[in-house]
Amino acid sequence: MQLKRMAEAKLPTPWGDFTIIGFEEKNKINNHVALIYGDIYNTHAVLTRIHSECLTGDAFFSLRCDCGSQLESALMIIAQSGSGILIYHRQEGRNIGLLNKIHAYHFQDIGLDTVEANNKLGFSADERDFTPCVDILNLLKIKTIRLITNNPLKLTSLSHAGIDIIERIDLIVGRNSKNYKYLNTKANKMGHFLPNKY
């Protein structure tokens, strides 16, 4: 277990009142949070979203990606369903870090796609480790979930760690004229369950 549970509080949002729980990695490199809505303990399969940190999309409304739209939509879906959990996974830029992500943006500006840009910086297409997310689910005693994701890596990572995923729910939002290449690269090179269009 890499994480320990540290703090809990109420978090009112435009979509309803959540409970925010903070978790700290034992090596103190990152903190992660879970946003819980409603009663997740009397549900057979907890509606779950793992959202990896994206400062540019989540906070600065970047149109280069679909992250901000996915975050808002996931919170809305969870609230409308009556219960669920969103894990905010603090691994910025598919875990290459914010400054490397900005370097990758530069390479994308001159024609590389997201995978090529990561490779040019010496990284794989996706450097994320979903172990902290599994730890959060285990600490919260959640074993069976309905996962909101387009990403097959999340499915395999959680399943291999013993989380029972009984349903995958699409989250196809935020496509625009600025991010179509980014989304098509996700579909064509990373196997995401996304329509290849625009």
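Figured I'd write up the structure that's included with this text. Every value quoted in this text rests on a predicted model; they were computed, and no experiment measured them.

About the criteria used
Residues numbered from 1 in each chain as written. Predicted model: local features only at pLDDT ≥ 70, side-chain atom pairs only at ≥ 80, totals over all residues. Heavy atoms only, no water. Helix = DSSP H or I, 4+ residues; strand = E, 2+ residues; numbered from the N terminus. Rg over C-alpha atoms; globule rule 2.2 N^0.38 Å. Buried < 20%, exposed > 50% of the residue type's maximum accessible area, 1.4 Å probe, protein only. Contact = heavy atoms within 4.5 Å. Lys, Arg positive; Asp, Glu negative; His and termini not counted. Charge placed at Lys NZ, Arg CZ, Asp CG, Glu CD. Pairing = 2+ DSSP bridges. Axes fitted to C-alpha atoms, helices over the stretch in contact; angles between N-to-C directions. Salt bridge = Lys/Arg side-chain N within 4 Å of Asp/Glu carboxyl O. Core = buried A, V, L, I, M, F, W, Y, C linked by side-chain atoms within 4.5 Å.

1. Details of the overall build of the chain
Reasoning step 1: Each helix and strand in the chain was counted, giving eight helices and seven strands.
Reasoning step 2: Here the C-alpha radius of gyration of the chain, 16 Å, is about what a compact globule of 198 residues would show, namely 16 Å.
Reasoning step 3: Structurally, the chain occupies a C-alpha span of about 50 × 35 × 30 Å along its principal axes.
Reasoning step 4: In the chain, which comprises 198 residues, the proportion classed as buried is 49%.
Reasoning step 5: Nonlocal contacts in the chain, meaning residues at least 24 apart in sequence, comprise 58% of its contacts between residues at least 6 apart.
Reasoning step 6: Each charge class in the chain was averaged separately, 23 positive and 20 negative side chains, and the resulting centres sit 2 Å apart.

2. Overview of the sheet that holds strand β7 (residues 164-169)
Reasoning step 1: The strand order across the open sheet formed by seven strands is β1-β2-β3-β5-β4-β6-β7, and the pairing between neighbours is mixed. What marks the edges here is a single partner per strand, and that holds for β1 (3-13) and β7. Recorded for the sheet is a direction-independent mean angle of 25° between the axes of neighbouring strands.
Reasoning step 2: Helix α2 (residues 67-81) contacts β2 (16-25), β3 (31-37), β4 (46-52), β5 (84-89) and β6 (144-148) of the sheet and is inclined by roughly 165° relative to β4.

3. Side note on the pattern of salt bridges
A side chain with one charge may pair with a side chain of the opposite charge, provided their charged atoms come close.
Reasoning step 1: Tallied over the full model, the rule gives ten salt bridges.
Reasoning step 2: Between Glu-92 and Lys-101 there is a salt bridge whose closest N-O contact spans 2.6 Å.
Reasoning step 3: Relative accessible area serves as the criterion here: at 8%, Lys-101 is assigned to the buried category.
Reasoning step 4: For Arg-146, the salt bridge is made with Glu-167, and the minimal N-O distance between the two is 3.0 Å. With Arg-146 in strand β6 and Glu-167 in strand β7, this pair connects stretches of sequence that are 21 residues apart.
Reasoning step 5: A relative accessible area of 27% means that Arg-146 is categorised as partly exposed.

4. Things to note about the nonpolar core
Reasoning step 1: Residues Ile-85, Leu-140, Ile-142 and Leu-158 are the most contacted members of the largest nonpolar core, which totals 23 residues.
Reasoning step 2: Only β2, β3, β4, β5, α6 (131-139), β6 and α7 (152-160) provide two or more residues apiece to this core.
Reasoning step 3: At four residues, α6 tops the list of elements feeding residues into this core.
Reasoning step 4: Ignoring anything within four residues of it in the chain, the contact list for Leu-158 reads Ile-50, Phe-130, Val-134, Leu-137, Ile-145, Leu-147, Ile-163 and Ile-165.
Reasoning step 5: Residues Leu-47, Ile-78, Tyr-88 and Ile-169 belong to the second largest nonpolar core, which totals 14 residues.

5. Things to note about the environment of Leu-137
Reasoning step 1: Structurally, Leu-137 can be placed in helix α6.
Reasoning step 2: Note on Leu-137: relative accessible area 0%, which makes it buried.
Reasoning step 3: As for Leu-137 and Ala-34, which are separated by 103 residues in sequence, their C-alpha atoms are 9.3 Å apart.
Reasoning step 4: Leu-137 has contacts with Thr-48, Ile-87, Ile-142, Leu-158 and Ile-163, leaving out every residue within four places of it along the chain.

Fair warning: the whole summary comes from geometry, so function is off the table for now.
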